[in-house]
Amino acid sequence: MSLSGTGNFCQPICEDSSSHRHPWYPPEIATTDPIARGQLLLRNTLTGKKEPFVPMQARHVRWYTCGPTVYDSSHVGHARTYLSFDIMRRVMTDYFHYNVLYQINTTDIDDKIILRARQNELIRQLELDTSVDFDKLVSLAKEALGEAKAKSDLKKEEIATAIEEATQNKDSRAKTEQEGLMEQHLVKRKNLDGDEAKIMELCGSSSSSSKDARAKLLVAAKSVIAEKLDREKGHLITDHSVFNAHARQYEREFMEDMTALGIREPDVLTRVTEYVPQIIAFVETIIEKGLAYKSNGSVYLSLDSFQAAGHNYRKLNPAGPGGAATSAAEMAEGEGALGGGGTSEKRNPSDFALWKASKPGEPAWESPFGPGRPGWHIECSVVAGDILGERIDIHSGGEDLKFPHHDNELAQSEACFGCNQWVNYFTHTGHLHIQGLKMSKSLKNFITIRQALEHNTARQLRIMFLLQAWDQPMNYSDQTIDDARSKEAAFKSFFREVEALVRDDYLAQEVGWRMADHDHKLADAYLAARQTVHESLLDNFNTKDAMSALLKVINEANTYLRLPQVRPSVLLLRAIATYVTQILKIFGVIDGEDEFGFGSGGGDANATSSGGEQYIETLVSFRESIRNAALEAAKGGDSKAAIQSVLQICDALRDEVLPKVGVRLEDRPTGTMWNLEDPEVMAKELAEKAAKEKEAQISKLEKQLIAREKECEKIKNSMVKPEDMFRTNEFKEWDESGVPTTLANGDPVSGGQMKKKKKAIDKQSKAFKDLMEKSGNNPQELLSAAQKEVDGIKEKLSSLSL
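Here is what the cut-offs are and how they apply
Every chain begins its residue count from 1, and numbering advances along the sequence as written. Reporting of local features is limited, given that this is a predicted model, to residues whose pLDDT is at least 70; pairs of side-chain atoms are given and counted only at 80 or more, and all residues count toward the totals for whole chains, interfaces and linings. Hydrogen atoms and water are omitted, and side-chain values are computed over all heavy atoms in the structure. To pair, rings of Phe, Tyr and Trp, with the six-membered ring standing in for Trp, must have centres within 6.5 Å; the planes then decide the type, stacked if under 30 degrees apart, edge-to-face if over 60, and tilted in the middle. Think of it as a cone above the ring: NZ of Lys or CZ of Arg counts as a charge over the ring if it is within 6 Å of the ring centre and within 35 degrees of the ring normal. Any two strands between which DSSP finds at least two bridges are classified as paired. The helix count covers DSSP runs of H or I at least four residues long, the strand count covers runs of E at least two residues long, and both are numbered beginning at the N terminus. To get an axis, a line is fitted to the C-alpha atoms, and for a helix only the part in contact is used. The angle between two axes follows their N-to-C directions and goes from 0 to 180 degrees. Should any heavy atoms of two residues lie within 4.5 Å, those residues are counted as being in contact. In these notes, a set of buried Ala, Val, Leu, Ile, Met, Phe, Trp, Tyr and Cys residues joined through side-chain atoms within 4.5 Å is what counts as a nonpolar core. For the exposure calls, accessible area comes from a 1.4 Å probe over protein chains only, and a residue counts as buried if that area is under 20% of its type's maximum, exposed if over 50%, partly exposed in between. Residue count minus one, scaled by 1.5 Å, sets the expected span of a helix. Salt bridges are defined as contacts in which a side-chain nitrogen from Lys or Arg sits within 4 Å of a carboxyl oxygen from Asp or Glu. Each angle gets one of four labels, with under 35 degrees taken as roughly parallel, over 145 as roughly antiparallel, 65 to 115 as roughly perpendicular, and the rest as oblique. The residue classification treats Ala, Val, Leu, Ile, Met, Phe, Trp, Tyr, Cys and Pro as nonpolar and Asp, Glu, Lys and Arg as charged. All others, Gly included, are polar. In the analysis that follows, any N or O atom pair within 3.5 Å is treated as a polar contact, provided that within protein one partner can donate a hydrogen and the other can accept it, and provided that, for residues neighboring in sequence, both atoms belong to side chains. pLDDT: the predictor's confidence for each residue, scored from 0 to 100.

## Topic: the packing of aromatic side chains
And then number 1: Per the counting criterion, the structure on display carries 14 aromatic pairs.
And then number 2: Ring centres 5.0 Å apart and planes at 90° place the aromatic pair Tyr-95 and Phe-96 in the edge-to-face group.
And then number 3: On the basis of an interplanar angle of 40° and a centroid distance of 6.5 Å, the ring pair of Phe-417 and Trp-422 is categorised as tilted.
And then number 4: Ring pairing ties together the aromatic residues Phe-53, Tyr-98 and Tyr-425, which thus form one cluster.
And then number 5: The ring centre of Phe-598 lies 3.9 Å from the NZ or CZ of Arg-459, which sits over that ring.
And then number 6: Here the guanidinium or amino end of Arg-503 rests over the ring plane of Trp-674, the centre of that ring lying 3.5 Å away.

## Observations regarding the sheet that holds strand S9 (residues 298–301)
And then number 1: Strand order across the open sheet formed by four strands is S8-S9-S10-S11, with antiparallel pairing between neighbours. Only two strands of the sheet have a single partner each, and these edge strands are strand S8 (292–295) and strand S11 (372–374). Between one strand axis and the next, the sheet turns by 25° as a mean value, whatever way the strands run.
And then number 2: When strand S10 (residues 352–357) meets S11, the two strands line up antiparallel, connected through three bridges. Following the sheet pairing, Ala-357 is matched in S11 by Gly-372.
And then number 3: On top of the sheet, helix H8 (residues 276–288) reaches S8, S9, S10 and S11; it is set at about 125° to S10, its chief contact.
And then number 4: Along the sheet, helix H12 (residues 402–417) makes contact with S9 and S10, crossing S10 at roughly 85°.

## Digging into the nonpolar core
And then number 1: Core analysis: the biggest nonpolar cluster contains 83 residues, and Phe-491, Phe-495, Leu-584 and Phe-587 have the highest contact counts within it.
And then number 2: Counting 74 residues, the second-largest nonpolar core is a separate cluster that includes Val-242, Leu-301, Ile-392 and Ala-411.

## Comments concerning helix H18 (residues 570–586)
And then number 1: In this model H18 runs 24 Å from its N-terminal to its C-terminal C-alpha over 17 residues, within 8% of the 24 Å that 1.5 Å per residue would give.
And then number 2: Burial within H18 is extensive, with 12 of its 17 residues counted as buried.
And then number 3: The complete set of buried residues in H18 reads Val-570, Leu-572, Leu-573, Ile-576, Ala-577, Thr-578, Tyr-579, Val-580, Thr-581, Ile-583, Leu-584 and Ile-586.
And then number 4: Elements in contact with the buried residues of H18: helix H1 (76–95), helix H15 (478–503), helix H16 (517–538) and helix H17 (543–561).
And then number 5: The first or second residue beyond H18 is Gly-588, which carries a positive phi of 85°.

## Here we look at the pattern of salt bridges
And then number 1: All told, the structure shown has 50 salt bridges when counted by the stated rule.
And then number 2: The salt bridge involving Arg-462 is made with Asp-86; its shortest N-O contact spans 2.9 Å. Here the residue Arg-462 occupies a position in helix H14 (residues 458–466), and Asp-86 occupies one in helix H1, the gap between them amounting to 376 residues. As far as the burial class goes, Arg-462 and Asp-86 line up, both buried.
And then number 3: Within this structure, Lys-492, Arg-496, Arg-664, Glu-666, Glu-677 and Glu-685 form a network of salt bridges that share partners.

## Looking at the packing of H8 against helix H11 (residues 378–388)
A pair of packed helices is characterised by two quantities: the angle between their axes and the separation of those axes.
And then number 1: In contact at an axis separation of 10 Å, H8 and H11 are set at 105° when each is read in the N-to-C sense. In terms of orientation, H8 lies roughly perpendicular with respect to H11. Between H8, through Gln-278, Ile-279, Phe-282 and Val-283, and H11, the contact on the second element is made entirely by Ile-378, Glu-379, Ser-381 and Val-382.
And then number 2: Classifying every residue of the contact of H8 with H11 gives five nonpolar, two polar and one charged.

## As for the packing of helix H22 (residues 679–718) against helix H23 (residues 751–775)
And then number 1: Relative to each other, H22 and H23 sit at 110°, their axes nearing to 9 Å. Taken together, the axes of H22 and H23 lie roughly perpendicular to each other. Two secondary-structure elements touch here, H22 through Glu-711, Ile-715, Asn-717 and Ser-718 and H23 through Gln-764, Ala-767, Phe-768, Leu-771 and Lys-774.
And then number 2: When the residues that make up the contact of H22 with H23 are grouped by side-chain class, the tally is four nonpolar, three polar and two charged.

## Let's talk about the side chain of His-405
And then number 1: Residue placement: His-405 occurs in helix H12.
And then number 2: According to the relative accessible area criterion, His-405 is buried, its value standing at 2%.
And then number 3: A polar atom in the side chain of His-405 sits 3.1 Å from the side chain of His-377.
And then number 4: Discounting chain neighbours no more than four positions away, the residues touching His-405 are Cys-66, Trp-376, His-377 and Cys-380.

## Side note on the sheet that holds strand S14 (residues 432–434)
And then number 1: With mixed pairing, the three strands of this open sheet are ordered in space as S15-S14-S16. Only two strands of the sheet have a single partner each, and these edge strands are strand S15 (437–438) and strand S16 (474–475).
And then number 2: Of the pairings in the sheet, the one linking S14 to S16 comprises two bridges and is parallel in character. Within S16, the residue paired with His-433 across the bridge is Asn-475.

## Looking at the environment of Leu-303
And then number 1: Relative to the elements of secondary structure, Leu-303 occurs in helix H9 (residues 303–308).
And then number 2: Judged by relative accessible area, which is 0%, Leu-303 ranks as buried.
And then number 3: Along the primary structure Leu-303 and Ala-411 are separated by 108 residues, whereas in three dimensions their C-alpha atoms are 8.5 Å apart.
And then number 4: Non-local contacts of Leu-303, meaning those with residues more than four positions away in its chain, are made with Tyr-313, Ser-350, Asp-351 and Phe-352.

## A few points about the side chain of Ser-381
And then number 1: Looking at the element boundaries, Ser-381 is found in helix H11.
And then number 2: We classify Ser-381 as buried; its relative accessible area is 0%.
And then number 3: Within polar-contact distance, the side chain of Ser-381 engages the side chain of Gln-412 at 2.9 Å.
And then number 4: Excluding residues within four positions of it along the chain, Ser-381 makes contact with Phe-282, Glu-409, Gln-412, Ser-413 and Trp-422.

## Observations concerning the confidence of the model for the protein chain
And then number 1: Taken residue by residue, the protein chain gives an average pLDDT of 89. The fraction at 70 or more is 92%.
And then number 2: Counting contacts from residues 601–610, a segment whose pLDDT is below 50, to residues more than four positions away or on other chains yields five contacts.

## Some thoughts on helix H24 (residues 779–801)
And then number 1: Helix length check: H24 (23 residues) gives 33 Å between terminal C-alpha atoms against 33 Å at 1.5 Å per residue, within 8%.
And then number 2: Restricting attention to buried positions, one finds in H24 the residues Pro-779, Leu-783, Ala-786, Val-790, Ile-793, Leu-797 and Leu-800.
And then number 3: Along its buried surface, H24 packs onto H22 and H23.

If you want it as structure tokens, here you go:
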């Protein structure tokens, strides 16, 4: 805890006369709010508001975060969750100096894993089955597609019926829920229709002898064929190694993605499959307490018994007593994709599975309840309870886990441990949206972490999330990424400025403040930034405002450095740069031990040792270019050409040569500033700059092309003599000015039409006259010149496109 002052004094403290001490006036302590008192506030989903954070024991924080269900590649939505918690964990440990024990669990057996592993295995077998040639695969794909569409149609009807029933019952909550499901269903159907178009195109694209056509069709139809095969043959996949290998593959990929994002490894990593004996014992304890019951080989938590024992259910997402308001959709979510027992084997429809009896095609473990597998929710209770104990300080996860997963976790844990509060603080990250919908694998609107890292750096993604409130929804878009890049560039630019200043021998000059009020203003901005950052981090890890404070003081420093005849306070600027770096290090934006800045980085030991040779080669090459330019100018005696050549060579050194050896030059009115940078980063920046310049050039040429083509068309139209405008087969007779008087069939042209035609001829007369004057009575030459320009622009566009 750190205290804040009000700016006033308290009454003096006077020692007794024997101490010979004079009165001392203590500063007045601000007590207006928890932040002023130095308390950390944390939004707690259990209460729905910010609460002062108090660990159960001393400054020890036991923190559990739900890990991934490792059935597929992780996407940017996962990155949002785990990067956000990584930032909070870093602030908790490196800024507030709590002693954190951080645990993550990977769900390596689950309905989604079982389904995906089975389907992948069946597709693998189909791929190797030579008896299924192209024609048979076409038939299979069409059958699977038809079944998928029928299933989709049925689902749409079910949702539409549910919406109608909710409307009739005036159940706004159910109606909103079903309308959300309908919106998601329509997206899925659109995806299915897109798959259908690809599948049908490939079905008629090649003969049965084409292996390439078979492979392409299998890829395009994989989703629908896999579902069909799973319905028909999924029960035959019983080998545990199929499910285990699938989970291990994506678990490793997830951990590699976390490393690529710069996320710290957890202090403890657990897996569900390594805890099956403990899970069985946990379930037995709840049964012994009379709070769970066996049914057809499964075990369910009895919500009626649980609440009769004095416990509360749905703490995170309250929905009425006894879970009475739990919807069918929520119950389906709680049971998982393979939940098929329905409510017939439950005492209360809202009871949830602690242990699931395994069906054919599902892995099974022996237990006193019969062969089965852990329920979805039980795993977290057991692994977290084993590592962190019966009292957990913080439990974290994504917004979509609040109910049923986390509420069910709480219920079964409190049932087993006999407590009323297993977790003190629950934190949930907001959804990540893309084009208005939650990023989701089922909607196929996701971007994998690896895809995101192909176009953006881990630092840029981290900055993007730092600029958002961790517990609120956010949009993933080009705008949010561009904003992160812009902020990164602002930090880099400031660090380069300060690096150039501290490189000089500032002790050889005056060292005090020499800019009067400007120095004081910058110092005040620095202190204000530190205060704002501190208060922001105390206020629910508000990194958005903390980042704004850092960028604001940088902007103040940049304004200060641009003052006329500036005599900067190097030590103050260095202090600002060092502080900004410290905070960015805490946020995980910066690695390394440099006092400030992102670091020059970029090379291994060998590259560093050879750097001197690179600089010598660069210097020699530059000298040779300048010398040759001077010699050429001396021969021709053209001093202007020599100057232009020298300037071009200097620019090429700055823009093309030095970046390859990691040197950045920036020409300023006060001189040239240099910094060391990562050559790869500079190469990427130059490539992006070149791409943008090329894009701008293409856009400019396209506009020019439209204008020139319009000009050509105008010239062609203006070349028509006014008296010849209407001399066509439509008419038979005309007057002396070319106005048609008689139609081809002998009928007279109406007066109104003649008037319109006369007006058009008058307009054409002016255009023709203007063209003759402009072209010197040679319009064809003008047209040829305009057409030549059009062809030239098209040629430039073609070369740029290539």
